[in-house]
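As a plain string of letters, each chain reads:
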Amino acid sequence: MPALHALLASSAAGAIGPVMHDPRGGHTYWLVSMQLHADHTWARITRSSRVLSTGDYLPAVEPEPEVPGAIRWLHWPAVTGVLTPPSLLAAAVLQVLPPV
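For clarity, every value in this text was computed on a predicted model and none was experimentally measured. (Residues numbered from 1 in each chain as written. Predicted model: local features only at pLDDT ≥ 70, side-chain atom pairs only at ≥ 80, totals over all residues. Heavy atoms only, no water.)

S.K.: Pulling in residues and values, what's your account of the overall build of the protein chain?
M.R.: Secondary structure summary: the protein chain contains 3 helices and 3 strands in total. Written out in order from the N terminus, the α and β elements of the protein chain read α-β-β-α-β-α. The burial tally for the protein chain puts 29% of its 100 residues in the buried class. The contacts of the protein chain with a sequence gap of at least 6 include a subset with a gap of at least 24, amounting to 74%. Accessible surface for the protein chain amounts to roughly 6700 Å². Of this, 59% is attributable to carbon and sulfur atoms. (Helix = DSSP H or I, 4+ residues; strand = E, 2+ residues; numbered from the N terminus. Buried < 20%, exposed > 50% of the residue type's maximum accessible area, 1.4 Å probe, protein only. Contact = heavy atoms within 4.5 Å. Areas by Shrake-Rupley, 256 points an atom, 1.4 Å probe, with all protein chains shown as cover.)

S.K.: If you had to explain the sheet that holds strand S1 (residues 19-22) to someone new, which residues and values would you point to?
M.R.: Here 3 strands make up an open sheet; going across it, the order is S2-S1-S3 and the pairing antiparallel. This sheet does not close on itself; its edge strands, each paired only once, are strand S2 (27-30) and strand S3 (72-75). The sheet shows a mean angle of 30° between the axes of neighbouring strands, direction not considered. Here S1 pairs with S2 via 4 bridges, running antiparallel. Counterpart to Val19 in the pairing with S2 is Trp30. (Pairing = 2+ DSSP bridges. Axes fitted to C-alpha atoms, helices over the stretch in contact; angles between N-to-C directions.)

Take it as geometry only, folks, not as evidence of what the structure does.
As structure tokens, this is what we get:
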């Protein structure tokens with residue numbers, strides 16, 4: 001959540017794709033392009049996160065869920081088809097992660 005707030009307040013806000021939040025599980029889901037970089041940056045991020053891939057399931061929710069506490073969209077881009085660049089997400093997450 002802090003990474004999303006930082007990015008939305010930055011000049012990169014237009015590059016942010018859809019983001020969902022599950023308040024019950026405390027999980028935030030970012031839809032990103034498939035160009036993940038296998039470097040030390042993602043290795044550090046995946047210690048506190050999980051990258052979903054082929055075969056994983058992520059429910060798409062209604063824009064306005066009727067059930068309190070349900071998964072909901074935190075951000076929907078103004079332009080259809082925008083997905084967050086992995087490098088942009090990685091930089092934002094690393095800024096808010098506690099030092100190792």
